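Observations on the three-dimensional arrangement
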Amino acid sequence: MPEAGEKGDVKALLQAFGRKWDAAGKTEEARCVMWRNTRFLTTTALLLALTVVVQMVGLPQPVTGPLVNAMLFLATFTVGIGGGVVIGALTPWIALMRGIVPPLAQPITPFIMAANATLVIAFGLLVRFNPWVGVIAAAVCKYGVFVLALKFILVLPPKLAQAFQIPQLLTALVGGVIAVIVYKALPEQYKRRL
């Protein structure tokens, strides 16, 4: 009879609950969780790196904006809301630290983070029903964050304030269209169940 705490007792206990035990002493569930965490981290890091590269290349805003938004949508498609929020929060901060954000626009950086998070959350909640509806609703929500921030909190020069209104709505919509097209073209192994 094995004493309490021996590997035999743990193995018997796990088998009693219907879990399979392998030679390394890990359940299949634990391996599955480790694989999902590794996939989440590597995919999020890869998409973050690609987004930063897009920002650093120095393309005009009508190109950079949709590409960055496409990365936010793709992150939400492939790894979920958490990955999209991480990328959406880090990219404006990285742009600020690297000097990409002009000095007059620096006060809006936290609102860019909030708008990106809003876009990702709205899309993440709606994508399983219809990705196109998710893109439209998410773009409108992101636009709404900027409109509310500019109306009630921030005071920016009119030309700069204008850049954070309708252009942001359009870049989010274009980015969403790009992301849906790219996601549909991805091989099944890179897609997440929605």
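Here, every reference points to the structure presented above.
The paragraphs below set out a description of the structure included in this document.

About the criteria used
Residues numbered from 1 in each chain as written. Predicted model: local features only at pLDDT ≥ 70, side-chain atom pairs only at ≥ 80, totals over all residues. Heavy atoms only, no water. Helix = DSSP H or I, 4+ residues; strand = E, 2+ residues; numbered from the N terminus. Expected span 1.5 Å × (residues − 1). Buried < 20%, exposed > 50% of the residue type's maximum accessible area, 1.4 Å probe, protein only. Arc of directions from axis to C-beta. 1 Å grid on protein atoms, 1.4 Å probe; cavity = no way out; pocket = protein on both sides within 12 Å on 5 of 7 lines; lining within 4 Å. Points joined across faces, edges and corners; volume = space filled by probe spheres on them. Nonpolar A, V, L, I, M, F, W, Y, C, P; charged D, E, K, R; others polar. Phe/Tyr/Trp six-rings, centres within 6.5 Å; stacked < 30°, edge-to-face > 60°.

Section: helix 4 (residues 81-97)
In a regular helix each residue adds 1.5 Å, so 17 residues correspond to 24 Å; helix 4 covers 24 Å between its end C-alpha atoms and thus fits that length. Considered for burial, the residues of helix 4 that qualify are Gly83, Gly84, Ile87, Gly88, Thr91, Pro92, Ile94 and Ala95. For helix 4, the buried positions fall inside an angular range of 160° around the axis, keeping them on one side. Just beyond helix 4, the residue with positive phi is glycine 99, at close to 85°.

What about the layout of surface pockets?
It is a probe the size of a water molecule, rolled over the atoms, that shows where empty space is left. If you add up the space inside the largest pocket, you get close to 680 Å³. Every residue lining the largest pocket is counted, 28 residues in all, and those nearest its centre are Gln61, Thr64, Ile112, Phe164 and Gln168. Counting residues per element, the ones that place at least two in the lining of the largest pocket are helix 3 (61-78), helix 4, helix 5 (109-126), helix 6 (131-152), helix 7 (158-163) and helix 8 (166-185). At six residues, the largest contribution of residues to the lining of the largest pocket is made by helix 3. Grouping the constituent residues of the lining of the largest pocket by class yields 17 nonpolar, 10 polar and one charged.

Looking at the packing of aromatic side chains
Taken as a whole, this structure holds four aromatic pairs when the rule is applied. On the numbers, 5.5 Å between centres and 45° between planes, the contact of phenylalanine 146 with phenylalanine 164 is tilted. Here the residue phenylalanine 146 occupies a position in helix 6, and phenylalanine 164 occupies one in the loop between helix 7 and helix 8, the gap between them amounting to 18 residues. Of the residues examined, phenylalanine 146 reaches a relative accessible area of 0% and is grouped as buried. A relative accessible area of 10% places phenylalanine 164 in the buried class.

The quantities given are spatial measurements derived from coordinates; they are silent on function.
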